[in-house]
Amino acid sequence: MPSRTEEPMELRWLESFAVVAEELHFARAADRLHLAPSALSAQVKALESHLGVRLIDRGRRTRPALTGAGRLFLEEARLTLAQAARAEAVGRQAGRGELGHAEIAYVASAAFSGVLTDVLTRCAALDTHLTVQVRELETPAQLEALSCGDIDVGFLRWRPEYPAGIATTCLLTEEVVLALPDGAPLAAYEAVPAAELRHEQFVAPHFDEEYGCRAQILEVAAQGGFGPRCAPAVRDFVAALTLVSGGLAVALVPDSLSRVRIPGVVYRRLADVALTTRLVGAYRRGETSPAVRGVIRRLREAAAATTVVG
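Here is a short report on the structure shown in this document. Sequence positions are assigned chain by chain, starting from 1 and proceeding in written order. Under the rules for a predicted model, residues below a pLDDT of 70 receive no local features and side-chain atom pairs below 80 are neither given nor counted, while totals for whole chains, interfaces and linings still include all residues. Excluding hydrogens and water, the side-chain figures rest on all heavy atoms present in the structure.

Once that is clear, we can look at the overall build of the chain. From N to C terminus, the chain includes 9 helices and 12 strands. To get the radius of gyration, use the C-alpha atoms; to get the globule rule, take the number of residues to the power 0.38 and multiply by 2.2 Å. Computed over its C-alpha atoms, the radius of gyration of the chain comes to 33 Å, more than 25% above the 19 Å expected for a compact globule of 310 residues. Its C-alpha atoms give the chain principal-axis dimensions of about 105 × 35 × 30 Å. Partly exposed residues are those whose accessible area sits between 20% and 50% of the maximum for their type, while under 20% is buried and over 50% is exposed, using a 1.4 Å probe and protein chains only. Looking at the chain as a whole, 44% of its 310 residues qualify as buried. Total accessible area on the chain is roughly 15800 Å²; 52% of this is exposed by carbon and sulfur atoms. For the purpose of counting charges, residues Lys and Arg are taken to be positive, whereas Asp and Glu are taken to be negative. His and the chain ends are not included. Here the site of a charge means NZ on Lys, CZ on Arg, CG on Asp, or CD on Glu. In the chain, which carries 34 positive and 37 negative side-chain charges, the distance between the mean positions of the two groups comes to 10 Å. Segments assigned H or I by DSSP are reported as helices when at least four residues long, segments assigned E as strands when at least two residues long, and all are numbered from the N terminus. Here, Shrake-Rupley sampling with a 1.4 Å probe gives the accessible areas, and only protein chains in the shown set may cover a residue.

Have a look at this one:
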């Protein structure tokens, strides 16, 4: 049988041959493949013509039987079909964002909010092969890393404007509370009036921004009628709480930080100032990676399920 090598071999030929080899009956094989028997026979003949060898003996009075070449070819055909199915599954998983890699960064306080854990859990619950790398990074550094592609998704504190090309989703709005040294006179209050903080030293993370923590301290001071005293800025809220525990300062922190049980620190509401802070998820507009788009979808799902805290 001459080979028609100019015609490419088609996967449907292999599938048709494999099913016929399993059934050794063209009519039953045609039913399985939802084909007319004549169409099935034509596909097997096309495969044989392409290979230049007979794979199935078609006896008039006996059932079809594999030739020696057919038995050898069947094993390779099955391997090829299995690999093709695996390639298709991988492609579909990748297209749905269930396969690939994503780099996530978060501010330290996000780790205590529960939202970061929620997003990671949603990613893992899909039974996917998506791998996620997480690392702690300050808000300005996150925005720079997002812009240059070093990270894919950021969990950071809200700011009024973002670099070009960066989009955000609000994940959580929570009350700002006061962290005090345990045993300090102000700890006796259930809610602390702003004026009672006139003699306290405030500590906060500082990223050379005119809003956020600095703006909140100024708002409390304005309500209390005093000019605030501030300790040297620290890297993050956990560092601020460490100073509070030593009796060196007080701090305005997101309510989720009250879950951090640091010895020597207690948390109280503010009596006459209503402050809130927002945790946002940030990512690049028009993201092309299916894996990263999958994480962004999980992030938006978490945002939709989150209620205002405080």
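Additional details are given in the paragraphs that follow.
We now examine the side chain of Glu-174. Positionally, Glu-174 belongs in strand β6 (residues 166–181). Accessibility expressed as a relative area gives 0% for Glu-174, which makes it buried.

Okay, the environment of Ala-231 next. Mapped onto the secondary structure, Ala-231 falls in the loop between β9 (229–230) and α8 (237–245). As a C-alpha pair, Ala-231 and Ala-249 span 18 residues in sequence and 7.3 Å in three-dimensional space. Pairs of residues are marked as contacts when any of their non-hydrogen atoms sit within 4.5 Å. Residues contacting Ala-231, with those up to four places away along its chain left out, are Gln-201, Phe-202 and Val-203.

What follows covers the layout of surface pockets. Using a grid of 1 Å spacing that covers the protein atoms alone, one calls a set of points a cavity when a 1.4 Å probe fits there but cannot get out, and a pocket when the set is open and has protein on both sides within 12 Å along at least five of seven lines; lining residues are those with an atom within 4 Å of a point. Grid points are joined across faces, edges and corners, and a volume is the space filled by probe spheres set on the points. Roughly 550 Å³ of internal volume is contained in the largest pocket. What lines the largest pocket is a set of 32 residues, among which Arg-157, Trp-158, Gly-212, Cys-213 and Thr-277 lie closest to the centre. Of all elements in the fold, only α7 (213–224), β10 (251–254) and β12 (276–284) reach the threshold of two or more residues within the lining of the largest pocket. Per-element accounting of the lining of the largest pocket gives the leading share, 5 residues, to α7. Computed from the structure, the second largest pocket encloses a volume of approximately 160 Å³. In terms of lining, the second largest pocket is formed by 14 residues, of which the most central are Ala-204, His-206, Arg-214, Ile-217 and Cys-230. Sorting elements by how many residues they give to the lining of the second largest pocket places α7 first, with 4 residues.

What follows covers the packing of aromatic side chains. Working definition: rings of Phe, Tyr and Trp (its six-membered ring) pair if their centres are within 6.5 Å, and the pair is stacked with planes under 30 degrees apart, edge-to-face with planes over 60 apart, and tilted otherwise. Scanning all chains against the criterion turns up 1 aromatic pair. When the NZ atom of lysine or the CZ atom of arginine is within 6 Å of a ring's centre and also within 35 degrees of its normal, the charge is said to sit over that ring. Directly above the aromatic system of Trp-158 lies the positively charged group of Arg-278, at a separation of 4.3 Å from the ring centroid.

It is worth spelling out the side chain of Ser-258 at this point. Among the structural elements, Ser-258 can be located in the loop between β10 and β11 (265–270). Definition of a polar contact: a pair of N or O atoms within 3.5 Å, with one able to donate and the other able to accept a hydrogen when the atoms are protein atoms, and with sequence-neighbouring residues admitted only if both atoms are side-chain atoms. A polar contact of 2.5 Å, which involves the side chain of Ser-258, links it to the backbone oxygen of Asp-255.

On to unusual backbone geometry. Not every positive phi belongs to a glycine, and Leu-24 is a case in point at roughly 50 degrees. For Leu-24, the position within the fold is in the loop between α1 (11–23) and α2 (26–33). The backbone of His-34 sits at a positive phi, close to 60 degrees, despite the residue not being glycine. Relative to the helices and strands, His-34 is located in the loop between α2 and α3 (37–51). On the basis of relative accessible area, His-34 is assigned to the exposed category, the value being 75%.

This part covers the nonpolar core. The nonpolar side chains of a soluble globular protein tend to be buried, and buried together. Judged by nonpolar contacts, the single largest core of 38 residues is most densely connected at Leu-197, Val-220, Leu-241, Leu-252 and Val-253. Secondary-structure elements contributing two or more residues to this core are β6, α7, α8, β10 and β11. When neighbours within four sequence positions are excluded, Leu-252 is seen to be in contact with Val-176, Val-177, Leu-178, Phe-202, Gln-216, Ile-217, Val-220, Phe-237, Leu-270 and Leu-275. Put simply, buried Ala, Val, Leu, Ile, Met, Phe, Trp, Tyr and Cys residues joined by side-chain atoms within 4.5 Å make one nonpolar core. In terms of nonpolar packing, the next biggest core, distinct from the first, is built from 34 residues, Ala-167, Leu-172, Val-280 and Ala-303 among them.

The rule for a disulfide is simple: a pair of cysteine sulfur atoms within 2.5 Å. For the coordinates displayed, the defined rule picks out 0 disulfides. Of all cysteine sulfurs, the one in Cys-170 lies closest to Cys-123, which takes part in no disulfide; the gap is 19 Å. With no disulfide of its own, Cys-170 lies 16 Å from the sulfur of Cys-213, the closest cysteine sulfur.

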